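The lines below spell out each chain.
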Amino acid sequence: MAVKAAMDGWWRARREAARRDAGMTTSEYAVGTIAAAGFAAVLYKIVTSGAVSGALESVIGKALDAPF
């Protein structure tokens, strides 16, 4: 019976903690948005670089020239 009481107390504590922590704060949203924008900028620079652009053109060219 003591185990059940301990588990009930543990679940009650988890529910209360979940109610207190409803979601991200404004600062967390801001940091997440800035990080996503930075990642997008780096990814854009990589994809538009000469080496990656040439590789993509090569792959597409090979796919279009494939015999059927």
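The rules we used
- Per chain, residues are indexed from 1 in the order of the written sequence.
- Where totals are concerned, whole chains, interfaces and linings use all residues; where local detail is concerned, this predicted model gives features only for residues with pLDDT of at least 70, and gives and counts side-chain atom pairs only at 80 or more.
- Note that water and hydrogens are dropped before the side-chain values are worked out from all heavy atoms of the structure.
- In DSSP terms, a helix is any run of H or I states spanning at least four residues, a strand is any run of E spanning at least two, and both are numbered starting from the N terminus.
- The rule is simple: take the accessible area with a 1.4 Å probe, protein chains only, and divide by the maximum for that residue type; under 20% is buried, over 50% is exposed, in between is partly exposed.
- Note on areas: Shrake-Rupley, 1.4 Å probe, and residue coverage restricted to the protein chains presented here.
- As a per-residue measure, pLDDT reflects the predictor's confidence and takes values from 0 up to 100.
- Ring pairs shown here join Phe, Tyr and Trp side chains whose ring centres sit within 6.5 Å, with only the six-membered ring taken for Trp; geometry is labelled stacked below 30 degrees between planes, edge-to-face above 60, and tilted in between.
- Exposure above 30% relative accessible area and no salt bridge define the residues that can form patches, which grow by joining like charges within 9 Å and nonpolar side chains of Val, Leu, Ile, Met, Phe, Trp and Tyr within 5 Å.
- One speaks of a salt bridge when a side-chain nitrogen belonging to Lys or Arg is within 4 Å of a carboxyl oxygen belonging to Asp or Glu.
- Polar contact is the term for a pair of N or O atoms within 3.5 Å; when the atoms are in protein, one must be able to donate a hydrogen and the other to accept it, and sequence-neighboring residues count only if both atoms are side-chain atoms.

**Details of the overall build of the protein chain**
Working step 1: Each helix and strand counted, the protein chain has three helices and zero strands in total.
Working step 2: Element order for the protein chain, N to C, with α for helix and β for strand: α-α-α.
Working step 3: Expressed as a percentage of its 68 residues, the buried residues of the protein chain come to 0%.
Working step 4: Split by element, the accessible area of the protein chain, about 6,100 Å² in all, is 70% carbon and sulfur.

**Thoughts on the confidence of the model for the protein chain**
Working step 1: Averaged over every residue, the pLDDT of the protein chain is 84; the share at 70 or more is 87%.
Working step 2: Confidence, expressed as mean pLDDT per element, reaches its minimum in the protein chain at helix 1 (residues 2-20) with 76 and its maximum at helix 2 (residues 26-47) with 92.

**Some words on the packing of aromatic side chains**
Ring pairs (aromatic) are described by centroid distance and by the angle formed between their planes.
Working step 1: Within the structure shown, the criterion is met by one aromatic pair.
Working step 2: Look at Trp 10 and Trp 11: their rings are 4.8 Å apart centre to centre, the planes differ by 80°, and that puts the pair in the edge-to-face class.
Working step 3: Owing to a relative accessible area of 45%, Trp 10 belongs among the partly exposed residues under this scheme.
Working step 4: Classification of Trp 11 by relative accessible area gives partly exposed; the value is 46%.

**With respect to a nonpolar patch on the surface**
Working step 1: On the surface, Phe 39, Val 42, Leu 43, Ile 46, Val 47, Leu 56, Ile 60 and Leu 64 cluster together to form a nonpolar patch covering roughly 780 Å² of accessible area.
Working step 2: No other element matches helix 2, which puts five residues into the nonpolar patch.
Working step 3: Among the structural elements, Leu 56 can be located in helix 3 (residues 50-64).

**A closer look at the environment of Ser 49**
Working step 1: Tracing the backbone shows Ser 49 in the loop between helix 2 and helix 3.
Working step 2: For Ser 49, the side chain forms a polar contact with the main-chain oxygen of Ile 46, separated by 2.8 Å.

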